[in-house]
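Results of the structural survey
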Amino acid sequence: MQSTVGAARTFVLPLWGPNGVKNAALDATEALFTHIVRFYVHVLLGESSPWARVPKRDKETKQVLFDPETGEIKMRAPTADEVLTRGEALTVSTDAHPDPPYDLSAVPGAAKAPVVFRRAAMRRAIGLVKAYRSSLTRWERRGRRGRMPGEPTVDRFPVTIYQGLGLIVREPLRSFLKVKLWNGATWLWVEIPVRIPEHAATLMVVSDETRARIEAALREAHALEREERTEEAQAMRKQLKPLPWEIAQASVTLYRHPDGWAAHVPFVRTVPVQKAEDQREAHPGLAVTTVDLGENNLAVAAAWQGRKVTGTLFVRGRAHESRRMRRLSAIRHRQIASGKPTRRVRSNRRRWVRLAQAEEDRARKTARRLVDFAKAHGSKVIVFEALNRMPKTRRMGWTRRQNLRRSWWMRGRILAFTRQMALWEGILVVRRDPAFTSKACPRCGTYGERFSQRADGRGPRHTFRCPVCGWEGNADLVGALNLKKKWDRVFPPLGPLMAAAKEAKKLKTAPAMLEDKGAVGCAANAG
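Residues numbered from 1 in each chain as written. Predicted model: local features only at pLDDT ≥ 70, side-chain atom pairs only at ≥ 80, totals over all residues. Heavy atoms only, no water.

1. What to know about the overall build of the protein chain
Looking only at helices and strands, one finds eleven helices and 18 strands in the protein chain. Overall, the C-alpha framework of the protein chain stretches about 100 × 65 × 60 Å when taken along its three principal axes. Intrachain contacts of the protein chain at a sequence separation of at least 6 include 65% that bridge at least 24 residues. Put simply, the protein chain shows about 31000 Å² of open surface, and 52% of that area lies on carbon and sulfur atoms. For the protein chain, the separation between the mean place of its 96 positive charges and that of its 52 negative charges on side chains is 10 Å. (Helix = DSSP H or I, 4+ residues; strand = E, 2+ residues; numbered from the N terminus. Contact = heavy atoms within 4.5 Å. Areas by Shrake-Rupley, 256 points an atom, 1.4 Å probe, with all protein chains shown as cover. Lys, Arg positive; Asp, Glu negative; His and termini not counted. Charge placed at Lys NZ, Arg CZ, Asp CG, Glu CD.)

See below:
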């Protein structure tokens, strides 16, 4: 069964040189938005009525559904729109609710705020409280083990600009953000110059075409309703949503960065997708790309067409690992010299920032290379290994422990960025259990020797050799080849592999134990 999902891509547009008046208005707007979010978080945490469950209805007939066994009405959790409507009834004075129990006008400036501004803040608060309630429910289901989830706190929130409060204007000689801001006394329209990248400008043109089509369909639906052509009007209203592969611009968000304000402009592409398992069953020879996040390479990818490898990609990471170790060593030396905790050394703050930026940049570039590689080979699915447990960091120094943690964190970022970028291209990302994918021979499935010297003595030491069939190859490539077997569900049973691993471990530890006993005997004789 095929469905559609939204793939997002966000561009950051720095606001160029707002003057003192505009900067003050931006600050005041952010403060008002944060106060309204904090107000509604307090209301939604204290009141249970907005979260009351509602009857489940049939999508076509809109009739209430009943449980066939018990005869009771089926209930469901309220949607965000329903929570918003109930929250407004509790806080906004109207003809239907002249005396709400919580008065929003108590927040300075909230009474004059536009409706779309208030609702943007309400949606932020609903998201925070909904996440808290979900975490609390999971904690209670686990028997209240672990730390209890804390209530959401609101310090400073970026301002979401809904339609009607702002838009980006593109002109031949300049581009600017026209937005309505609060200056502490009144709302006023201001224009702030922005620089739009070429690719973002192209997406804006495409999204304008989508918006024009939707607006034309809406006008046509209104005309059909006035003529009482109900069925045709309903059919026309189904076209008010973006069609498959269409791109639409979402709401702009104003963020305060350390070096100034910026507008985050998201674009959403409607992508038709089918579950990866359904694609595998429908097309046994489906083109896929398997990715192993190796120890010696950031990523090793193999493109498959059926059972044939059509290409490989090695993303080297040794130089990046070395730079990370040097930065961590420098941070550690500074910390030892100062005698303070690592995070409190002022001279290390810039190094931490640069280290995080380098990790993020490397993860993005690696994900981009993987997605381009999969797209070039026509892959519909990218198979990753599910690296959920980091190796134990006991008996490690601070530098090595931090290096291992950041290495695993970056591999998680590679997976997240790849999933986001691949979905934009219509490619799904799935994960498979990595157990013994780097230890089993990709030809015969026997437990092999990893990181052993090649039989001919040539080549790198990071190789894999099978003691049964004699297959040799790159140690990280073995993981990508075996992930294809995991995808096809033809990977050998784990029992024999686990037994072979235990036997190999005994053979490795036996000489060391004999040497230790011999040393102890010599010491006793000497005594």
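This is not the end of the story, as more comes after the structure.
2. What about the packing of helix 1 (residues 20-46) against helix 2 (residues 80-91)?
Viewed as axis vectors pointing N to C, helix 1 and helix 2 meet at an angle of 100°, and their least axial separation amounts to 11 Å. The pairing of helix 1 with helix 2 is recorded here as roughly perpendicular in orientation. Between helix 1, through Phe-39, Tyr-40, Val-43 and Leu-44, and helix 2, the contact on the second element is made entirely by Val-83, Gly-87, Leu-90 and Thr-91. (Axes fitted to C-alpha atoms, helices over the stretch in contact; angles between N-to-C directions. Parallel < 35°, antiparallel > 145°, perpendicular 65-115°, else oblique.)

3. What to know about the pattern of salt bridges
This structure, assessed with the given rule, holds 28 salt bridges. A salt bridge links Asp-208 to Arg-170, with the shortest nitrogen-to-oxygen separation between them at 2.9 Å. Linking Asp-208 in helix 4 (residues 198-226) with Arg-170 in strand 5 (residues 166-170), this pair joins segments that are 38 residues apart in sequence. Look at Asp-208 and you get partly exposed, because its relative accessible area is 23%. Residue Arg-170 is classed as partly exposed on the basis of its relative accessible area of 34%. (Salt bridge = Lys/Arg side-chain N within 4 Å of Asp/Glu carboxyl O. Buried < 20%, exposed > 50% of the residue type's maximum accessible area, 1.4 Å probe, protein only.)

4. Structural notes on the environment of Lys-112
Within the fold, Lys-112 resides in the loop between helix 2 and helix 3 (115-141). Residue Lys-112 is classed as exposed on the basis of its relative accessible area of 57%. Through-space distance from the C-alpha of Lys-112 to that of Trp-16 is 28 Å; in sequence the pair is 96 residues apart. In contact with Lys-112, not counting residues within four places along its chain, are Trp-182, Ala-185 and Trp-187.

5. Brief notes about unusual backbone geometry
Phi at Trp-245 is positive, roughly 75°, even though this residue is not glycine. Its location among the elements puts Trp-245 in the loop between helix 5 (230-237) and strand 8 (247-249). On the basis of relative accessibility, which here comes to 39%, the residue Trp-245 falls in the partly exposed class. With phi around 60°, Arg-489 is a residue other than glycine that occupies positive phi space. Structurally, Arg-489 is set in the loop between helix 10 (475-488) and helix 11 (494-526). Its relative accessible area of 60% is what places Arg-489 among the exposed residues.

6. Some words on the packing of helix 2 against helix 3
At a minimum axis distance of 10 Å, the contact between helix 2 and helix 3 shows a crossing angle of 115°. Crossing of helix 2 over helix 3 shows right-handed handedness. Contacts from Ala-80, Asp-81, Val-83, Leu-84, Gly-87 and Glu-88 in helix 2 reach Arg-118, Arg-119, Met-122, Arg-123 and Ile-126 in helix 3. Classifying every residue of the contact of helix 2 with helix 3 gives five nonpolar, one polar and five charged. (Left-handed = near helix turned anticlockwise from the far one by under 90°. Nonpolar A, V, L, I, M, F, W, Y, C, P; charged D, E, K, R; others polar.)

7. As for the nonpolar core
Judged by nonpolar contacts, the single largest core of 79 residues is most densely connected at Leu-15, Phe-117 and Leu-254. Looking at which element gives the most residues to this core, the answer is helix 1, with twelve residues. If we ignore the near neighbours within four places in the chain, the residues touching Phe-117 are Thr-29, Leu-32, Phe-33, Ile-36, Val-159, Leu-165 and Trp-187. One finds Ala-303, Leu-313, Met-410 and Ile-427 within the second-largest nonpolar core, a separate group that totals 24 residues. (Core = buried A, V, L, I, M, F, W, Y, C linked by side-chain atoms within 4.5 Å.)

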